[in-house]
Amino acid sequence: MKLFLKIKYDGTNYAGYQVQNNAPTIQAELNSALYYLFGCECDVTGCSRTDSGVHAECFCATVQFRDRSYFETQIPLEKIPLALNFRLPDDISVYYVGAVADDFHARYSVISKTYEYKIWNSCFRNPFLKNKAFHLSKPISDIGIENMKAGAEYFCGLHDFTAFMSAGSSVKNTERTVYSCEVFNNNEEITIRISADGFLYNMVRIICGTLLEIGKGSVAPEQIPDIILSKNRQNAGPTLPACGLYLVGVNYPD
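Residues numbered from 1 in each chain as written. Predicted model: local features only at pLDDT ≥ 70, side-chain atom pairs only at ≥ 80, totals over all residues. Heavy atoms only, no water.

Draft legend 1. Representation of the pairing of strand β1 (residues 2-9). Among the 8 residues that make up β1, 6 are buried, leaving the element largely enclosed by the rest of the structure. Examined bridge by bridge, β1 and strand β4 (residues 92-100) share 8 bridges and lie antiparallel to one another. Following the sheet pairing, Lys-8 is matched in β4 by Ser-93. Examined bridge by bridge, β1 and strand β3 (residues 55-65) share 6 bridges and lie antiparallel to one another. Bridge pairing in β3 places Ile-7 opposite Phe-59. (Buried < 20%, exposed > 50% of the residue type's maximum accessible area, 1.4 Å probe, protein only. Helix = DSSP H or I, 4+ residues; strand = E, 2+ residues; numbered from the N terminus. Pairing = 2+ DSSP bridges.)

And the structure:
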């Protein structure tokens, strides 16, 4: 058996999820807290390799004890989150711990993931959203928002998303199925929500950058299919900063 964790974190002060030699990461903090709690080495596997500065409202991970017999811990599962949070920094919180079978994999068992990208669309910066949203100082019109919504629909379905992958990535299979892509506008806050069976490197941030180009009027919604078919990164929009990106949902088989 493995432990299954659900985690929230503010990624501002971290170089992403995965352990790195010379930078603080989410995984390194989890490793430290788990070792303090259980007194033994654990293998922690995350559902995604979020980049530096990316946040998570629902990040999932498994914990495998290297000594398989050690799983029979005297700590009740419902008490483990509080114990871990006592050792974790304030910007990381474990809010659920359960048990899963040995053949469950936090990353490869995923059916779909959902990301949100948050944009503060105002002439004036919002100090409460520093490092929490991308600040776009030129307001997008109502027509621009509607065009963004129309453009978002073209991303849905099975496509080759090479044009929306960072140049230089070495992924061989660049086809992904996007289940939904939606744009929400609440006064000065724009949220783009995307669900898919998987994502290429920087795919969400490039899609969001392309949708913003549509909102600004630089790209027409109807151009999205041609950009997808071109498989050319230069035809898509810019890669938006990491600060606005949140992993908000991870779905597994029942």
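Structure shown, so let's carry the discussion forward.
Draft legend 2. How the structure looks around the environment of Ala-150. One can find Ala-150 in helix α3 (residues 142-153). C-alpha separation for the pair Ala-150 and Pro-221, spaced 71 residues apart in sequence, amounts to 6.1 Å.

Draft legend 3. Here's a closer look at the side chain of Thr-62. Here Thr-62 lies in strand β3. You can call Thr-62 buried: its relative accessible area is 3%. Once you skip the residues sitting within four places of it in the chain, Thr-62 turns out to touch Lys-2, Leu-3, Phe-4, Asp-43, Val-44, Thr-45, Val-100, Phe-104 and Ala-106. (Contact = heavy atoms within 4.5 Å.)

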